[in-house]
Amino acid sequence: MEVTDLISITTFCKHYNVPATFIKDLKEYELIEIVVSNNDHFIKTTQINEVEKLMRLHFDLHINLEGLDAIYHLLQRLENMQNEITSLNNKLRLYEDL
C-alpha cells in the first residue's frame, strides 16, 4: 500500500479536531481499519468518508459507540440490499427485452 493512500491519525485528528481515542475506539468496534507502519498509525484515505459520517453521528447527534456500531452495520446491510435490488432490476430488464 502506498503512503499516498494513507493519512496519519494524528494529522486527521488535528484537522478534524477530534481525539485520537475516538479513532482507536472505532478500530476496536471494527468500524475502520488502522494501518501501522514505522510505529505510526494511519487510516486509509478510502475510509475518510465513513469516518466523517461516524464523527457526525457521534459528536453532532451524541450517539454512543454501541449505537454507531449498530447504525453502521444496518447502513451496510441497506447498501448491500440496494445493490442487490439494482442488480435484480437489471436482470429483469434484460428478460423483459426478450
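Summarised in this report is the structure supplied together with it. (Residues numbered from 1 in each chain as written. Predicted model: local features only at pLDDT ≥ 70, side-chain atom pairs only at ≥ 80, totals over all residues. Heavy atoms only, no water.)

Digging into the packing of aromatic side chains
Summed over all chains, the structure comprises two aromatic pairs. With a centroid separation of 4.5 Å and 40° between ring planes, the pair formed by Phe-12 and Tyr-16 is classed as tilted. On the criterion of helical spacing, the pair formed by Phe-12 and Tyr-16 is a turn pair, its members being four residues apart in helix H1 (residues 9–16). The exposure class assigned to Tyr-16 is partly exposed, which follows from its relative accessible area of 27%. (Phe/Tyr/Trp six-rings, centres within 6.5 Å; stacked < 30°, edge-to-face > 60°. Helix = DSSP H or I, 4+ residues; strand = E, 2+ residues; numbered from the N terminus. Buried < 20%, exposed > 50% of the residue type's maximum accessible area, 1.4 Å probe, protein only.)

Remarks on the pairing of strand E3 (residues 40–44)
Alignment of strand E1 (residues 6–8) against E3, held across three bridges, turns out to be antiparallel. Counterpart to Ser-8 in the pairing with E3 is Phe-42. (Pairing = 2+ DSSP bridges.)

Quick notes on the sheet that holds strand E2 (residues 34–37)
Reading across from one edge, E1-E3-E2 is the order of the three strands in this open sheet, with antiparallel pairing throughout. One side of each edge strand has no neighbouring strand; the edge strands of this open sheet are E1 and E2. Recorded for the sheet is a direction-independent mean angle of 40° between the axes of neighbouring strands. Its contacts with the sheet put H1 on E1, E2 and E3, and the angle it makes with E1 is roughly 70°. (Axes fitted to C-alpha atoms, helices over the stretch in contact; angles between N-to-C directions. Contact = heavy atoms within 4.5 Å.)

Side note on the packing of helix H3 (residues 48–60) against helix H4 (residues 65–96)
Running from amino to carboxyl end, H3 crosses H4 at an angle of 135°, the nearest separation of the two axes being 11 Å. On the basis of their axis angle, the class for H3 and H4 is oblique. Both H3 and H4 take part in a crossing whose hand is right-handed. Of the residues in H4, those in contact with Glu-50, Leu-54, Leu-57 and His-58 of H3 are Leu-68, Ile-71, Tyr-72 and Gln-76. Of the residues in the contact of H3 with H4, the class split is five nonpolar, two polar and one charged. (Parallel < 35°, antiparallel > 145°, perpendicular 65-115°, else oblique. Left-handed = near helix turned anticlockwise from the far one by under 90°. Nonpolar A, V, L, I, M, F, W, Y, C, P; charged D, E, K, R; others polar.)

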